[in-house]
Amino acid sequence: MTWFKDTPQTSLRSSVKAWWKALLARRTDNQEGFDWDRIEEDLDMESTTLSWAEQMQEIGFQKGLALAEKAKEEGIAGGQVIALRKVVGSLLRNRFGELPAPAAQLIAQAAQDQLEQWFERSLDAPSLAAVFGEDPASR
């Protein structure tokens, strides 16, 4: 029945089903409890179970894709922060000379929004202290 269930030849499937019913009816005339419809339900349940497994697999695949996309975005954002730290540090060194350790530490620990603010300030700030809004050497 499992093999015939997937065949596109409806008439062949119907003939085999009728033959099986007749054969089983002869063998089970004296036996109670055999139910052809129950076998069909079991076969349908098998295909339903396979369908559920495929659906669960698809859900897992979609969740995996979403996690991979999130990780990719986080990786890109992290890379942008690293690059921005290098740019701000390089710009400040070019404008004001070697950076004091507290200023380098501030840059190394800063978040993207703070780095962007310091980058903007560094373009026309008269001093390193003006970039940070205070004197980083006094920290």
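In short, a report on the structure. (Residues numbered from 1 in each chain as written. Predicted model: local features only at pLDDT ≥ 70, side-chain atom pairs only at ≥ 80, totals over all residues. Heavy atoms only, no water.)

Let's talk about the overall build of the protein chain
- A tally of helices and strands in the protein chain yields 6 helices and 0 strands.
- Along the chain direction, N to C, the helices and strands of the protein chain fall in the order α-α-α-α-α-α.
- A total of 139 residues make up the protein chain; the buried ones form 19% of that total.
- Long-range pairs, those at least 24 residues apart, make up 56% of the contacts in the protein chain between residues at least 6 apart in sequence. (Helix = DSSP H or I, 4+ residues; strand = E, 2+ residues; numbered from the N terminus. Buried < 20%, exposed > 50% of the residue type's maximum accessible area, 1.4 Å probe, protein only. Contact = heavy atoms within 4.5 Å.)

A look at the environment of Glu 116
- Within the secondary structure, Glu 116 sits in helix 5 (residues 112-122).
- With 28 residues separating them in the primary sequence, Glu 116 and Val 88 have C-alpha atoms 8.4 Å apart.

A closer look at the nonpolar core
- Core analysis: the biggest nonpolar cluster contains 15 residues, and Val 88, Leu 92, Ile 107, Leu 115, Trp 118 and Phe 132 have the highest contact counts within it.
- Listed by contribution, the elements that provide at least two residues to this core are helix 3 (36-96), helix 4 (101-109), helix 5 and helix 6 (128-132).
- Element by element, the count of residues in this core is highest for helix 3, at 4 residues.
- For Ile 107, the contacting residues outside a window of four places in its chain are Arg 85, Val 88, Gly 89, Leu 92, Leu 99, Leu 115, Trp 118 and Phe 132. (Core = buried A, V, L, I, M, F, W, Y, C linked by side-chain atoms within 4.5 Å.)

Some points on the packing of aromatic side chains
- Enumeration over the complete set of coordinates arrives at 1 aromatic pair.
- Judged by centre distance (4.7 Å) and plane angle (70°), the ring pair of Trp 118 and Phe 132 falls under edge-to-face. Residue Trp 118 is found in helix 5, and its partner Phe 132 is found in helix 6; the two are separated by 14 residues along the sequence.
- Note on Trp 118: relative accessible area 6%, which makes it buried. (Phe/Tyr/Trp six-rings, centres within 6.5 Å; stacked < 30°, edge-to-face > 60°.)

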